[in-house]
Amino acid sequence: MALTLYRSALLSGLLAISFTAVHAQVFVVGEKSATADIATDFSPTHVPLADTPLSERGRRELVRNLEAEQGFAHRALPVSPNVVLRANGPLTPGSAEYKKIIYQKGEAAAVGDRVIITAMEIKPDRIILDLNGGPYLKHRFLRHVQINDNPVAQTTDDRASGSRITLLFEGHVPEISAPEVKALLEPVIDFGVKTGEQAYADTLPPILKEAIAAHDVLVGMNHRMVLAALGAPENKLRDQPSGDPNGGRYEEWIYGHVPQTIRFVRFSGDRVVIVEIAALGKPIEIHDKDEMGGYNTPEPTREVAMGDKAPDGTEKGSSPPTLLKPGEAASAAGARNDKVQFPTDTKSGTPTPTSTGQPPPSNLAQMHPL
C-alpha cells in the first residue's frame, strides 16, 4: 500500500515537472522572422524634370498643394528620419538596412495604410516630407507644467509614430509641380486617391472628361467643371458693365500670369460665356460659342409654392383658409358674407349699427331663441 502511494506521488511529481517545463518555454522572435513579410522591391521612376531652379511662386504652390495631402503606403514605412529617395533614382537605405530600421525603430505605416503629409520643408536640393506627425515627438511646454503636482496637460502620446521621407534632387530643386512630386514618390506612396472634382469628372460625358483631363475650359461649363479642370483661380473680378443695378452681372476668373499663358474665364450666372486665352507672342483667342457638344446640365428648377406668382401672373393658393373638408360644400350662412351681429347697448338703449343697416336684436335671447 505504501509502495503504491509512493509510486503515485512520484508519477504526479514527474507530470507536474514536465508540464511546468512545457509552459516555461520562451519563443524569441528574431529580426529575420519579424521582417520576413516586409517587401523591399524598388523600381525607379522616370519623371522628366526642368532645368530651371524652383521659384518662390513654385515653392508656395508646392506647400499649398502638398500639405495635408493623403495617400496610401506602397511599402512599410519606418519610424525614422533616414529614408532618402533620390529623384528618378534609388531608395536608401538598402533592403537589409531598411528592414533593420523597421525592426529597431518600429513601423509607422504598413502596406496599404493611409498616410498624411503633416509637414514639409523645401531646402536648396531636397524636399523633406513628414508623414503622420513625423519621426520626432513634438515639444509641448504644457507637458512640463504642473499645479499641485498635477500635470496641466494629460498626454498619452509619449513617443513618435510617424515617418520622414527626403526627396533628394541632383544639384537643386527644379521648377516642379505637386503632381510631379507625387509621381516621384510613387514607389513609396500612392496618391491616387480621387478627389471630389475627379469623381465628379468621371460622371460627365467623354468630351467634357477629356477637356477636364487636358485642363481646358469650354464655353458652357459650370463653376464645378471649371474647378475640376483648372482648380481655384488666382484672381476674381465682378462687374456690372451696364451700370444698372438690375442689369446683367458677370464674374471673371483669371488663371496664370505673365509670361505664362493667361486665361480669362467669364461667367454669367453659373455658365461660362466667354473664354479668352492670351499667350505670349500670339493673338488673343476668344471663344464665345457653345462648345459642350449638345450636353448641358439642367438649370436649377423650383416649384411655385403657396403665395408665389405663377408664370401667368396669378397667385397660387390665394384662396382664404377654411375648415371645410375637401369636397364639402359651403353652407348658406357661410355663402353669405354676413357680419357679426352685436347686442343692444344697454347703457344708451340704442342698438349698435351694423354694416347691413338692420338694427340688431335687443338681447341675446332674441339672437338665439329657445
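A short tour of the structure in this document, coming up. (Residues numbered from 1 in each chain as written. Predicted model: local features only at pLDDT ≥ 70, side-chain atom pairs only at ≥ 80, totals over all residues. Heavy atoms only, no water.)

Considerations on the overall build of the protein chain
For clarity, the cut-off: In DSSP terms, a helix is any run of H or I states spanning at least four residues, a strand is any run of E spanning at least two, and both are numbered starting from the N terminus. To sort residues, take the accessible area from a 1.4 Å probe on protein chains only and compare it with the maximum for the residue type: under 20% means buried, over 50% means exposed, and anything in between is partly exposed. Contact between two residues is taken to exist if any of their heavy atoms lie within 4.5 Å; hydrogens are not considered. Methods summary: accessible areas were calculated by the Shrake-Rupley approach with a probe of 1.4 Å, and residue burial reflects only the protein chains presented.
Looking only at helices and strands, the protein chain features 10 helices and 16 strands. Put simply, the protein chain has 370 residues, and 27% of those count as buried. For the protein chain, the proportion of contacts with a sequence separation of at least 24, taken over those separated by at least 6, is 59%. Summing over all exposed atoms, the protein chain offers an accessible surface of approximately 25100 Å²; the carbon and sulfur share of this is 57%.

A closer look at the packing of aromatic side chains
Rule in force here: Aromatic pairing here means that ring centres of Phe, Tyr or Trp (its six-membered ring) are within 6.5 Å. Orientation follows from the plane angle: under 30 degrees is stacked, over 60 is edge-to-face, and everything else is tilted. Placement of a positive charge over a ring is assigned whenever Lys NZ or Arg CZ falls within 6 Å of the ring centre and within 35 degrees of the normal to the ring plane.
Per the stated rule, a full pass over the model turns up one aromatic pair. Directly above the ring of Y98 sits R75, whose terminal nitrogen or CZ lies 5.6 Å from the centroid. The cationic tip of R266 hangs over the ring face of Y250; the distance from NZ or CZ to the ring centre is 3.9 Å.

Section: the nonpolar core
Soluble globular proteins: nonpolar side chains tend toward being buried together. Operational definition: For this analysis, a nonpolar core means a set of buried residues of the types Ala, Val, Leu, Ile, Met, Phe, Trp, Tyr and Cys, connected via side-chain atoms within 4.5 Å.
Ranked by size, the top nonpolar core spans 34 residues in total, and within it L62, L77 and I127 carry the most contacts. For this core, the elements supplying multiple residues, two or more each, are α3 (56-66), β3 (83-86), α4 (95-105), β6 (114-123), β7 (126-131), β10 (163-168) and α5 (178-184). When residues of this core are assigned to their parent elements, the largest contribution, four residues, is made by β6. Setting aside anything within four residues of it in sequence, one finds L77 in contact with Y98, G106, E107, A108, A109, V115, L131, S163, I165 and V188. Counting residues in each nonpolar core, the second largest holds 22 residues, with Y200, L204, V272 and M292 among its members.

Topic: the sheet that holds strand β16 (residues 285-287)
What counts here: For two strands to be treated as a pair, DSSP must find no fewer than two bridges joining them. For helices, the axis comes from a line fit to the C-alpha atoms of the stretch in contact; other axes are also lines fit to C-alpha atoms, and the angle between any two N-to-C directions lies between 0 and 180 degrees.
One open sheet holds the five strands; their spatial order is β12-β13-β14-β15-β16, and the pairing between them is antiparallel. If you trace the sheet from one side to the other, it starts and ends with β12 (235-239) and β16, each paired once. With strand direction ignored, the average angle separating the axes of adjacent strands in the sheet is 15°. The pairing of strand β14 (residues 262-268) with strand β15 (residues 271-278) spans seven bridges and is classified as antiparallel. Within β15, the residue paired with R266 across the bridge is I274. Against the sheet, helix α8 (residues 223-230) touches β13 (250-255), β14 and β15, its axis set at about 5° to β13.

Side note on the pattern of salt bridges
Cut-off, in case you're wondering: Criterion for a salt bridge: a side-chain nitrogen of Lys or Arg within 4 Å of a carboxyl oxygen of Asp or Glu.
Taken as a whole and judged by the stated rule, the model has eight salt bridges. With a shortest N-O distance of 3.3 Å, R266 and E252 are connected by a salt bridge. You can see R266 sitting in strand β14 and its partner E252 sitting in strand β13, a full 14 residues away along the chain. A residue is classified by how much of its surface remains accessible, and R266, at 22% relative accessible area, is partly exposed.

Let's talk about unusual backbone geometry
The omega torsion across T92 and P93 is 5°, close enough to zero to call that bond cis. Summarising the element assignment, P93 is placed in the loop between β4 (91-92) and α4.

A short note on the side chain of S80
What counts, and what does not: Identification of polar contacts relies on pairs of N or O atoms within 3.5 Å, with a donor-acceptor requirement for protein atoms, meaning one able to donate a hydrogen and the other able to accept it, and with residues adjacent in sequence counted only if both atoms are side-chain atoms.
Looking at where S80 falls in the secondary structure, it is placed in the loop between β2 (77-78) and β3. For S80, the side chain forms a polar contact with the main-chain nitrogen of N82, separated by 3.1 Å. Setting aside its immediate chain neighbours within four residues, S80 contacts I101, P135, G162, S163 and R164.

Quick look at the environment of V273
For V273, the position within the fold is in strand β15. Looking at V273, the relative accessible area reads 30%, which means it is partly exposed. Sequence spacing of V273 and Y250 is 23 residues, and the spatial spacing of their C-alpha atoms is 9.3 Å. Apart from the residues lying within four places of it in its own chain, the contact partners of V273 are V219, R266, F267, S268, H287 and D288.

Here's the deal with the pairing of β14
For a regular strand, side chains alternate in direction, first toward one face of the sheet and then toward the other. As judged from the five bridges shared by β13 and β14, these two strands associate in the antiparallel manner. Each residue of the ladder has a partner; that of E251, found in β14, is F267. Hairpin remark: β13 followed by β14, antiparallel, with six residues in the connecting loop; positive phi at G256, about 90°. Remark: two residues form the turn of the hairpin made by β14 and β15, two consecutive strands paired antiparallel; G269 in that turn has positive phi of roughly 75°.

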